[in-house]
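Examining the three-dimensional arrangement
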Amino acid sequence: MNHEIDTLREWIAGSDNIVFFGGAGVSTESGIPDFRSVDGLYHQQYRYPPETIISHSFFAANPEEFYRFYRDKLVVRGARPNRAHLRLAELEREGKLRAVITQNIDGLHQAAGSREVIELHGSTLRCYCERCGKRYPVETVNDSEGVPRCDCGGVIRPDVVLYEEGLDEQNLRKAIGYIREADVLIVGGTSLIVYPAAGLINYYRGNKLVLVNLSETPRDSEADLLVRGRIGEVFSQV
Ligand code: OAD
């Protein structure tokens, strides 16, 4: 892996237009399980598969059950940014990294100090009334019991994108813009199988596509540089 790390270090040193695109693997070293690894969220036992529970139709039909799972498994308590989050924030401060595009909903990039963060799947740190749109403090959802209700009677929901729901258009356009213009695109900690997010790398036009992941992804053969390793460890060396 040393040779790959050297190359990544050189590419980072030589660029002021790096874009990072990541997923759940970026936060595992902060103690948050990813979705698809053997000890990930999708390999635990519930009455329904997690993909079903975090879908729009399930939320509409069984909000109690949705909230039990959501508070137990998706709300993150006490997690701290790891070396990957911290180094990415530093690269932005150094004027080298333009944006972090993430599928994560844990807010750890912002906690690390990153400013330009595009949250494709929303955030567990925000919530709003489904009916009237009123915003509520995050505790209204995360630290309450049962189904939280707005003054207007509507259900308060987390600002996260559920299965069957579309991604925010403006976010997508921004992400595509950054990726299209990027000199170095670093993709890390994502299985690259959930669309449309995974399709974003198709917009990259450069010749420095870096994939940093613990396991294989369907896009490995397209990488100009493949780094197989833990992302926090990798970023602590570049
Ligand atoms: P996945 O769980 O599908 O993939 C995480 C990837 O990160 C796996 O390929 C792991 O091998 C890798 N990984 C884990 N720890 C790592 C580490 N320390 N360093 C490097 N790689 C590591 O998560 P995502 O690709 O983010 O969507 O999943 C995409 C979407 O599926 C999520 O945003 C979520 C989920 O359903 C929604 O909830 C809408």
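Everything discussed here concerns the structure shown above.
No experiment lies behind these values; they were computed from the predicted model shown. (Residues numbered from 1 in each chain as written. Predicted model: local features only at pLDDT ≥ 70, side-chain atom pairs only at ≥ 80, totals over all residues. Heavy atoms only, no water.)

Across its full length, the chain carries 9 helices and 9 strands. Taken against the 2.2 N^0.38 rule, which gives 18 Å for 238 residues, the C-alpha radius of gyration of the chain at 18 Å falls within 12% of a compact globule. Structurally, the chain occupies a C-alpha span of about 55 × 35 × 30 Å along its principal axes. Across the 238 residues in the chain, those meeting the buried criterion constitute 53%. Accessible surface, the chain as shown: approximately 11400 Å² in total, 46% of it carbon and sulfur. Looking at charge distribution, the chain has the averaged site of its 28 positive side-chain charges lying 3 Å from that of its 34 negative ones. (Helix = DSSP H or I, 4+ residues; strand = E, 2+ residues; numbered from the N terminus. Rg over C-alpha atoms; globule rule 2.2 N^0.38 Å. Buried < 20%, exposed > 50% of the residue type's maximum accessible area, 1.4 Å probe, protein only. Areas by Shrake-Rupley, 256 points an atom, 1.4 Å probe, with all protein chains shown as cover. Lys, Arg positive; Asp, Glu negative; His and termini not counted. Charge placed at Lys NZ, Arg CZ, Asp CG, Glu CD.)

What follows covers the site of the ligand. Neighbouring residues of the ligand: 25 residues in total, closest Arg-36, Tyr-42, Tyr-163, Ser-191 and Ser-215. Note that an oxygen atom of the ligand is positioned 2.8 Å from one of the backbone N or O atoms of Phe-35. Backbone polar atom of Leu-214 to a nitrogen atom of the ligand: 3.1 Å apart, as the coordinates give it. Bound to the protein, the ligand loses 95% of the 790 Å² it would expose on its own. (Near = heavy atom within 4 Å. Polar contact = N/O pair within 3.5 Å; in protein donor to acceptor, adjacent residues only side chain to side chain.)

Time to look at the pairing of strand 6 (residues 156-160). For strand 6, the buried fraction is high: 5 of the 5 residues fall into the buried class. Two elements, strand 4 (residues 122-129) and strand 6, share 5 bridges in a ladder whose sense is antiparallel. The residue bridging Tyr-128 from the neighbouring strand is Arg-157, located in strand 6. (Pairing = 2+ DSSP bridges.)

For helix 4 (residues 63-74), the full list of buried residues reads Pro-63, Glu-65, Phe-66, Tyr-67, Phe-69, Tyr-70, Arg-71 and Leu-74. In this structure, the buried residues of helix 4 make contact with helix 2 (50-53), helix 3 (56-61), strand 4, helix 7 (139-142) and strand 6. (Contact = heavy atoms within 4.5 Å.)

Function cannot be read off these values alone, since they describe shape.
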